[in-house]
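Each chain, written out:
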Amino acid sequence: MADQTHVLFVEDDDVIREATQLALERDGFAVTAMPDGLSGLEAFRADRPDIALLDVMVPGLDGVSLCRRIRDESTVPVIMLSARADSIDVVLGLEAGADDYVTKPFDGAVLVARIRAVLRRFGHASGPNGPAAEGGAAVTGGVLVFGDLEIDTEGMEVRKEGRPVALTPTEMRLLLEFSSAPGTVLSRDKLLERVWDYGWGGDTRVVDVHVQRLRTKIGQDRIETVRGFGYKLKA
């Protein structure tokens, strides 16, 4: 198992759980499958998987609450599974700290592609454009400074008013995209492509919720909404 990517899969439907586990194992993943949130939390703490797939509606401890518990302890990537694309559960899962979601019923190949996309960006947290020195940002030894916000693009650390800011890898990639082009409007589709590695159209709610999460950590006024176009980082 040490040489395989370890997936924690929490799903209460026996048929879906067993079929998905088999499909993932055929694609080379090591899978720990659990039928409820409490056993899923125990497995997470015992095994420390590389990624967690959590169904929203599981007994004992629902998927959103489980995501919060995992996020309190780790930055491991989390993908939520939801039966309805328009469900408020999607937004709740993202707000709880999930990095992405997949709607059920899902195609096994699509699920594997989304898992690998998340793992790729977690394995390469640095922004694709590298450190920037535009838009009024001061750069010192790989550290970008925007007012009271400091972004260490080499050490992958962020400080606000001199205090460390804890970001998930997805939030860090999002901030690096903004800081690589301060003052430039980045569309939701462009952010989906660059941060979430989507080569196809995705749900822009993923972007909106992550931007809001990032704002709560670095300052509500640091990222500006440009209506009808996207977002930009204030220099």
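Quick notes on the rules
Residues numbered from 1 in each chain as written. Predicted model: local features only at pLDDT ≥ 70, side-chain atom pairs only at ≥ 80, totals over all residues. Heavy atoms only, no water. Core = buried A, V, L, I, M, F, W, Y, C linked by side-chain atoms within 4.5 Å. Buried < 20%, exposed > 50% of the residue type's maximum accessible area, 1.4 Å probe, protein only. Helix = DSSP H or I, 4+ residues; strand = E, 2+ residues; numbered from the N terminus. Contact = heavy atoms within 4.5 Å. Expected span 1.5 Å × (residues − 1). Polar contact = N/O pair within 3.5 Å; in protein donor to acceptor, adjacent residues only side chain to side chain. Pairing = 2+ DSSP bridges. Axes fitted to C-alpha atoms, helices over the stretch in contact; angles between N-to-C directions. 1 Å grid on protein atoms, 1.4 Å probe; cavity = no way out; pocket = protein on both sides within 12 Å on 5 of 7 lines; lining within 4 Å. Points joined across faces, edges and corners; volume = space filled by probe spheres on them. Salt bridge = Lys/Arg side-chain N within 4 Å of Asp/Glu carboxyl O. Right-handed = clockwise from strand over helix to strand, strands pointing away. Parallel < 35°, antiparallel > 145°, perpendicular 65-115°, else oblique. Nonpolar A, V, L, I, M, F, W, Y, C, P; charged D, E, K, R; others polar.

Asks: Before we go on, may I ask you to explain the nonpolar core in this structure?
Replies: It is characteristic of soluble globular proteins that their nonpolar side chains tend to be buried jointly. Ranked by size, the top nonpolar core spans 50 residues in total, and within it Leu-54, Met-80, Ile-151 and Phe-178 carry the most contacts. With six residues, helix α8 (residues 205-218) is the largest single contributor of residues to this core. Apart from the residues lying within four places of it in its own chain, the contact partners of Leu-54 are Val-10, Gly-63, Leu-66, Cys-67, Ile-70, Val-78, Ile-79, Met-80 and Leu-81. Residues Phe-9, Leu-24, Leu-53 and Val-112 belong to the second largest nonpolar core, which totals 16 residues.

Asks: Whenever I open this one, helix α5 (residues 108-123) confuses me. Can you help?
Replies: Given 3.6 residues to a turn, an α-helix orients residues that are three or four positions apart in the same direction. Given a rise of 1.5 Å per residue, 16 residues ought to cover 22 Å, and the 22 Å separating the end C-alpha atoms of α5 matches this to within 8%. Along α5, the residues classified as buried are Leu-111, Val-112, Arg-114, Ile-115, Ala-117, Val-118, Arg-121 and Phe-122. If you follow the buried residues of α5, they end up packed against α1 (14-26), β3 (51-55), β4 (78-82), β5 (100-103), α6 (169-180) and α7 (188-195). Looking at where α5 begins, the residue whose side-chain oxygen comes 2.8 Å from the main-chain nitrogen of Ala-109 is Asp-107.

Asks: For this particular structure, what's the right way to read the sheet that holds β5?
Replies: Pairing between the strands of a sheet is mediated by backbone hydrogen bonds and can be parallel or antiparallel. Pairing is parallel in the open sheet, where five strands are placed in the order β2-β1-β3-β4-β5. The two strands at the open ends of the sheet, each matched to only one other strand, are β2 (30-34) and β5. The mean angle between the axes of side-by-side strands here comes to 20°, regardless of whether they run parallel or antiparallel. Judged from the four bridges that link them, β3 and β4 form a sheet pairing that is parallel. Each residue of the ladder has a partner; that of Ala-52, found in β4, is Val-78.

Asks: I'm lost on the layout of surface pockets in this one. Help?
Replies: Gaps left between atoms show up when a probe the size of a water molecule is rolled over them. Looking at the largest pocket, its volume works out to about 170 Å³. Lining the largest pocket are 14 residues, and of these Arg-71, Thr-168, Glu-171, Arg-213 and Lys-217 sit closest to its centre. Among the secondary structure elements, those contributing two or more residues to the lining of the largest pocket are α3 (63-73) and α8.

Asks: Can you help me understand the pattern of salt bridges in this one?
Replies: It is possible for side chains bearing opposite charge to pair when their charged atoms get close. Scanning the model with the defined rule gives 18 salt bridges in all. Ionic pairing is found between Asp-100 and Arg-114, a salt bridge with its closest N-O pair at 3.3 Å. Of this pair, Asp-100 sits in strand β5 while Arg-114 sits in helix α5, and the two are 14 residues apart along the sequence. On the basis of relative accessible area, Asp-100 is assigned to the buried category, the value being 1%. Accessibility expressed as a relative area gives 12% for Arg-114, which makes it buried. Among the salt bridges present, the one from Lys-160 reaches Asp-148, with a minimum N-O distance of 3.1 Å. Taken together, the positions of Lys-160 in strand β9 (residues 157-160) and Asp-148 in the loop between β7 (143-146) and β8 (149-152) put the pair 12 residues apart, joining distant regions of the chain. Asp-148 gets classed as partly exposed once you look at its relative accessible area, which sits at 29%. Salt bridges here are not isolated pairs; linked through shared partners, they connect Glu-11, Asp-55 and Lys-104.

Asks: For this particular structure, what's the right way to read the pairing of β2?
Replies: The two faces of the sheet receive side chains in turn, since in a regular strand these alternate between them. Here β2 lies mainly inside the structure; four of its five residues are buried. As judged from the five bridges shared by strand β1 (residues 6-10) and β2, these two strands associate in the parallel manner. Its bridge partner lying in β2, Leu-8 is registered against Thr-32. In terms of handedness, the path from β1 via α1 over to β2 forms a crossover that is right-handed.

Asks: I'm lost on the packing of α6 against α8 in this one. Help?
Replies: The axes of two packed helices give the description: the angle between them and the distance between them. Look at α6 against α8: their axes get within 10 Å of each other, and the N-to-C directions meet at 85°. Classed by the angle they form, the pair α6 and α8 counts as roughly perpendicular. In contact with Thr-170, Glu-171, Leu-174, Leu-175 and Phe-178 of α6, α8 contributes His-210, Val-211, Arg-213, Leu-214, Lys-217 and Ile-218. Its residues placed into classes, the contact of α6 with α8 shows six nonpolar, two polar and three charged.

Asks: Quick question: what am I supposed to make of the environment of Ala-181 here?
Replies: Residue position: Ala-181 is located in the loop between α6 and α7. What makes Ala-181 buried here is its relative accessible area of 16%. Considering only alpha carbons, one finds Ala-181 and Leu-233, 52 residues apart in sequence, at a separation of 7.8 Å.

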